[in-house]
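Coordinate inspection notes
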Amino acid sequence: MKEIILGISAYYHDSAAALISDGEVIAAAQEERFTRMKNDSDFPKNAIKAILKSSGISVAEVTAVAFYEKPYIKFERLLETYHTFAPKGLTSYLSAMPVWIKEKLFMKKTLYKELEALGFSKEIPLLFPEHHLSHAASAFFPSPFQESAILTLDGVGEWATSTIAYGTANSIEIKKELEFPHSIGLLYSAFTYYCGFKVNDGEYKLMGLAPYGNPDDPLTKSYIDKILSKLVDIRDDGSILLNMHYFDFATKLTMTNDKKWHTLFGIPRREPESDLTIEYANLAYAIQKVTEMIILRLAETAKIITNSKNLVLAGGVALNSVANGLIKKANIFENIWIQPAAGDAGGALGAALAVHHIYYENDRTADNKNDKMKAALLGPSFHNYEIKEMLDKFGVTYHFIENNVDLFDKAADVIADGDVLGWFKGRMEYGPRALGSRSIVADARNPEMQYKLNMKIKFREGFRPFAPAVLEEESHKFFDLDVPSPYMLLVVPLNENLRYPQPEYVDFADLNGRLNLIRSEIPAVTHLDYSARIQTVNKDDNPNFYGLIHSFYKKTGCPVVINTSFNVRSEPIVCSPLDAYKCFMKTEMDCLVLENYIIYKSEQKLMTDELFRKLMSFENK
């Protein structure tokens, strides 16, 4: 009998489900993709149904369920925090307690009720690894390494906010941990909030804004000095102490004491959606540099404690691809691997793997070369007959191309002609990055493409950068990178020979002036500092996306394309063919590939109110 474990993360943000069979990762997905509610925190019933269906596994075959954290310890932390800071935080306390007492405190009962509604047995074992152990397991067990240092960094789990651990064989030993409220994740989120972005969603926007800050501006230098002298004390080992005089997240419903931050930095909290000015770009630059300083010290400490040549990372902060690139550049470790679903969604997978290897003491193998994430293509896929049914339902004009080589060729023509392609083929990605199954693809050589994609396709801030997807074997010709980067989690420099010199005034131009400068031969994916968040695409791991890029390469001589997630602002990445078609029709995308169907916008009916109602009606069925 196979040991099949269902992992679950839920009730905070980014709920998800993952399935492993005898230790093999076979399926995983986030709930938001099905409900279309970004960062959905509800019990992932739709994700569970989808991964069971795609795996051909019934609920009766599942032998255990793992939840990604221990609710009682989390409740203990909540009570002790309110007690420590009393009488501050009464409003927050009164808001949180009814939810905890009614639902979260009795999590085991709640989970069994949800599982039973899906047909699971009342007797199925339900296990609770700790939050950071789940993160550590998600990083180490699927990694290529036989042994490794493990660094987990996020906002907070139960008590831990950062851990250094060591993994070998089928075990993980926590070596050192930092506890709440002293958190690198919450520090970064506080600046996310103060710069006008949404916490637990806008951190990547803050990272994208940082390069627009001017490092030579005295204001930027003063921001860094004030962060280090007033907000956070960074120790030699990378541990930190936050000055809670300036932070409200422990006792209130906001991240910062806005009045004190205004006095400290001389600028008010930015209102969401208001214009971005250089002051906020400088502030983003400052906290990014401080964050990098902390992470590098933690990596050095992990090296000293474990004496390993390998490092694996997980936790939401591990999605900071700029910092990851600096760890790689620092050569502290010979090898680095980052869990592609590094945030809380990945906790579902980590919980299942922790139960399999640690609780049930099952062996683990690793070849020091290949990871076990299957290119993170772990979600559902759709058959051509399902897509045809949907297209016919709405009278879509389409072309069916049976041969993939011909499909790749026609799709590459779209990109080479300067148009924007929606690309929907294969299993949906697990984690926050689109990796070539649910992607929007365009020509990285086009200097106008960043503006076009941000304004007319994604409907988002113009400063937001795009990632290059490059054929793995050609990546060295464009980027200073000597290892694969399949999960878009490393920011690395562009090769010198591809860079264009910038005018002397660049450091003192406003945001729009800096944004519109052409910086390289692939300007649409080149950051202001000549770096890029790179995805290398391997023929064996990701054959469909590889085939598309290779066809583009044959036509243009360029093995690099823009790869951005198939969604618009404030919506999750598309999951179903219907999601993709709706997104295609309400944006200025020029062409859509749905498996072996190719759809040209110029041949379609306009998205009328009647057609939209029809789409919604079909979806609700």
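Analysis parameters
- Residues numbered from 1 in each chain as written.
- Predicted model: local features only at pLDDT ≥ 70, side-chain atom pairs only at ≥ 80, totals over all residues.
- Heavy atoms only, no water.
- Helix = DSSP H or I, 4+ residues; strand = E, 2+ residues; numbered from the N terminus.
- Rg over C-alpha atoms; globule rule 2.2 N^0.38 Å.
- Buried < 20%, exposed > 50% of the residue type's maximum accessible area, 1.4 Å probe, protein only.
- Contact = heavy atoms within 4.5 Å.
- Lys, Arg positive; Asp, Glu negative; His and termini not counted.
- Charge placed at Lys NZ, Arg CZ, Asp CG, Glu CD.
- Pairing = 2+ DSSP bridges.
- Axes fitted to C-alpha atoms, helices over the stretch in contact; angles between N-to-C directions.
- Parallel < 35°, antiparallel > 145°, perpendicular 65-115°, else oblique.
- Left-handed = near helix turned anticlockwise from the far one by under 90°.
- Nonpolar A, V, L, I, M, F, W, Y, C, P; charged D, E, K, R; others polar.

**Side note on the overall build of the chain**
- Counting its regular elements, the chain contains 20 helices and 21 strands.
- Here the chain has a C-alpha radius of gyration of 24 Å; the compact-globule value for 621 residues is 25 Å, and the two agree.
- In the chain, which comprises 621 residues, the proportion classed as buried is 59%.
- Look at the contacts in the chain between residues 6 or more apart in sequence, and 71% of them connect residues 24 or more apart.
- Separation of charge centres in the chain, based on 69 positive and 80 negative side chains, amounts to 3 Å.

**Quick word on the sheet that holds strand 20 (residues 591–594)**
- Across the sheet, nine strands lie side by side as 13-21-20-14-15-19-16-18-17; this open sheet has mixed pairing. Since the sheet does not close on itself, it has two edges, and those belong to strand 13 (399–400) and strand 17 (490–493), each with one partner.
- Across five bridges, the pairing between strand 15 (residues 438–443) and strand 19 (residues 560–565) is antiparallel. In the sheet register, Ile440 faces strand 19, and the bridge partner there is Thr564.
- Against the sheet, helix 18 (residues 543–556) makes contact with strand 14 (421–424), strand 15, strand 16 (467–471), strand 18 (531–537) and strand 19, and its axis sits at roughly 85 degrees relative to strand 16, the strand it touches most.

**Focus on the side chain of Gln535**
- The residue Gln535 is located in strand 18 in this model.
- Judged by its relative accessible area of 1%, Gln535 is buried.
- In this view, Gln535 contacts Ala434, Leu435, Pro468, Ala469, Val470, Ser485, Pro486, Met488, Asn542, Phe545 and Asn563; residues no more than four positions away in its chain are not counted.

**Considerations on the packing of helix 9 (residues 218–231) against helix 11 (residues 278–306)**
- Two elements in contact, helix 9 and helix 11, have axes separated by 9 Å at closest approach and are oriented at 45 degrees. One way to sum up the angle between helix 9 and helix 11 is to call them oblique. Relative to helix 11, helix 9 is oriented so that their crossing is right-handed. Across from Leu219, Thr220, Tyr223, Ile224, Ile227 and Leu228 in helix 9, the residues of helix 11 making contact are Glu279, Asn282, Leu283, Tyr285, Ala286, Ile287, Lys289, Val290 and Met293.
- Residues belonging to the contact of helix 9 with helix 11 are distributed by class as follows: eleven nonpolar, two polar and two charged.

**A short note on the sheet that holds strand 1 (residues 4–9)**
- The strand order across the open sheet built from five strands is 3-2-1-4-5, with neighbouring strands paired in mixed fashion. Edge positions in the sheet fall to strand 3 (24–30) and strand 5 (126–127), since each has one partner strand and no second.
- Across six bridges, the pairing between strand 1 and strand 2 (residues 16–21) is antiparallel. What sits directly across from Gly7, in strand 2, is Ala18.
- Of the strands in this sheet, strand 1, strand 2 and strand 3 are in contact with helix 2 (residues 45–55), which crosses strand 3 at around 145 degrees.

**Some details on unusual backbone geometry**
- In this structure, the amide linkage connecting Phe180 to the following residue, Pro181, adopts the cis form with an omega of 10 degrees.
- Note that Pro181 resides in the loop between strand 8 (171–179) and helix 7 (184–194).
- Phi is positive for Asn200, which is not a glycine, with a value near 65 degrees.
- Position of Asn200 relative to the elements: it lies in the loop between helix 7 and helix 8 (203–209).
- In this model, Asn307 sits at a positive phi of 55 degrees, which is unusual for a non-glycine residue.
- With respect to the helices and strands, the residue Asn307 is situated in the loop between helix 11 and strand 11 (310–314).

**Quick look at the pairing of strand 2**
- Here strand 2 lies mainly inside the structure; six of its six residues are buried.
- Of the two faces of strand 2, the one holding Ala16, Ala18 and Ile20 and the one holding Ala17, Leu19 and Ser21 are both buried throughout.
- Bridge count for strand 2 against strand 3 is six bridges, and the pairing is antiparallel. When the bridges of strand 3 are listed, Ile20 appears paired with Val25.

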